[in-house]
Amino acid sequence: MRKIIAVAGTLVLALTLSLPSLPTLAVDTGGNGGSNDSSSVNVPSMSEARADINAARWKSAIAKLKLIIADNGSNADAYNLLGYAYRNLEDYKRAGQYYARALKLDPNHTGALEYQGILFVKLGELDNAKANLAKLGTICGTSCEEYEDLAKAISG
């Protein structure tokens with residue numbers, strides 16, 4: 001595991017995480033001056049988050065993925081899996097937001113295109129799902145797993 005180290009400034013916002021055995025995360029809110037106090041949080045690995053996803057431990061996966069994103073806000077895979085976890089909790093609004101963020105970071109992210117397409121199917125937005133399917137066909141062809149899975153979801 002990696003650690004996030006945040007050096008506290010004059011004004012510090014402390015967030016208590018709901019994960020067991022993790023210390024408080026100190027966030028520098030940009031105060032003037034500063035002290036040498038710091039706190040650290042263990043950042044889970046993507047493989048740990050995927051293990052939770054594979055075991056359908058959605059809330060645990062979400063907590064881990066949010067720490068991963070706090071450490072690296074440009075991790076399209078983490079945003080995609082966060083959307084997937086929220087979709088499985090039937091929080092479709094948040095799922096859509098996280099898929100959109102993953103695709104903003106990587107417009108050709110095949111996993112996010114597939115998962116967002118499946119969300120579109122669940123929401124009855126078949127034209128959007130078909131648009132994702134067409135883009136997948138362009139990126140990876142019609143025999144890639146993401147294309148096949150989304151095509152199956154669209155066909156019912």
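What counts, and at which threshold
Residue numbers here run from 1 along each chain, matching the order of that chain's written sequence. Local features in this predicted model are restricted to residues of pLDDT 70 or higher, and side-chain atom pairs are both shown and tallied only at a pLDDT of 80 or more, whereas totals for entire chains, interfaces and linings draw on every residue. The basis for the side-chain values is all heavy atoms of the structure; hydrogens and waters are excluded. By salt bridge we mean one thing: a side-chain nitrogen of Lys or Arg within 4 Å of a carboxyl oxygen of Asp or Glu. Note on terminology: disulfide denotes any pair of cysteine sulfur atoms within 2.5 Å. Three exposure classes are used, based on accessible area relative to the maximum for each residue type with a 1.4 Å probe and protein chains only: buried under 20%, partly exposed in between, and exposed over 50%. Working definition: helices are DSSP H or I runs of at least four residues, strands are E runs of at least two. Numbering for both runs from the N terminus. The length a helix should cover is 1.5 Å for every residue beyond the first. The contact criterion used is simple: two residues touch if any of their non-hydrogen atoms lie within 4.5 Å. Nitrogen and oxygen atoms within 3.5 Å of one another constitute a polar contact, given that in protein one can donate a hydrogen and the other can accept it, and given that sequence-neighbouring residues count only through two side-chain atoms. Axes here refer to lines fitted to C-alpha atoms; in helices the fit is confined to the stretch in contact. Angles between the N-to-C directions go from 0 to 180 degrees. Orientation labels follow simple angle bins: below 35 degrees gives roughly parallel, above 145 gives roughly antiparallel, 65 to 115 gives roughly perpendicular, and whatever is left gives oblique. With the far helix as reference, a near helix turned anticlockwise by less than a right angle produces a left-handed crossing, and one turned clockwise produces a right-handed crossing. Residues were grouped as follows: Ala, Val, Leu, Ile, Met, Phe, Trp, Tyr, Cys and Pro as nonpolar; Asp, Glu, Lys and Arg as charged; and all remaining residues, including Gly, as polar. By convention a nonpolar core is built from buried Ala, Val, Leu, Ile, Met, Phe, Trp, Tyr and Cys residues, the set being connected through side-chain atoms within 4.5 Å.

**Student:** An account of the pattern of salt bridges is requested, with residue identities and associated values reported.
**Tutor:** Summed over all chains, the structure comprises three salt bridges. In this structure, a network of salt bridges that share partners links the residues D52, R57 and K64.

**Student:** Can you tell me about the state of the cysteines, naming the residues and giving the values?
**Tutor:** Counted by the stated rule, this structure contains one disulfide. The residue that forms a disulfide with C140 is C144, at a sulfur-sulfur distance of 2.0 Å. Classification of C144 as buried rests on a relative accessible area of 12%.

**Student:** Describe in detail helix 3 (residues 76-88), supporting the description with residues and values.
**Tutor:** With 13 residues, helix 3 should reach 18 Å at 1.5 Å per residue; the first-to-last C-alpha distance of 18 Å fits that figure. In terms of burial, helix 3 is a largely internal element, eleven of the 13 residues being buried. Of all the positions in helix 3, only A76, A78, Y79, N80, L81, L82, G83, Y84, A85, Y86 and R87 are classed as buried. If you follow the buried residues of helix 3, they end up packed against helix 1 (46-54), helix 2 (58-71), helix 4 (92-105) and helix 5 (110-122). Where helix 3 starts, the residue carrying a side-chain oxygen 3.1 Å from the main-chain nitrogen of D77 turns out to be N75. E90 sits one or two residues past helix 3 and shows a positive phi near 65°.

**Student:** Can you break down the packing of helix 6 (residues 126-140) against helix 7 (residues 145-155) residue by residue, with the values?
**Tutor:** At a minimum axis distance of 9 Å, the contact between helix 6 and helix 7 shows a crossing angle of 155°. Classified by the angle between their axes, helix 6 and helix 7 sit roughly antiparallel to one another. As helix 6 packs across helix 7, the resulting crossing turns out to be left-handed. Facing helix 6, whose interface residues are A129, K130, N132, L133, L136 and G137, helix 7 presents E146, Y147, L150, A151 and I154. Tallied by class, the residues present in the contact of helix 6 with helix 7 amount to seven nonpolar, two polar and two charged.

**Student:** Help me get a handle on the side chain of N75, residues and values and all.
**Tutor:** For N75, the location among the structural elements is in the loop between helix 2 and helix 3. Taking the relative accessible area as the measure of exposure, N75 reaches 15% and is therefore buried. Looking at N75, its side chain comes within polar contact range of the main-chain nitrogen of A78, at 2.9 Å.

**Student:** Give a detailed account of the nonpolar core, specifying residues and quantitative values.
**Tutor:** Within soluble globular proteins, side chains that are nonpolar tend to cluster in buried spots. One finds L65, I68 and L82 to be the most contacted residues of the largest nonpolar core, which totals 36 residues. Of all the secondary-structure elements, those providing two or more residues to this core are helix 1, helix 2, helix 3, helix 4, helix 5, helix 6 and helix 7. Considering every element that reaches this core, the biggest residue donor is helix 3, with eight residues. If we skip the residues at most four places from it in the chain, L65 touches M46, A49, A78, L81 and L82.

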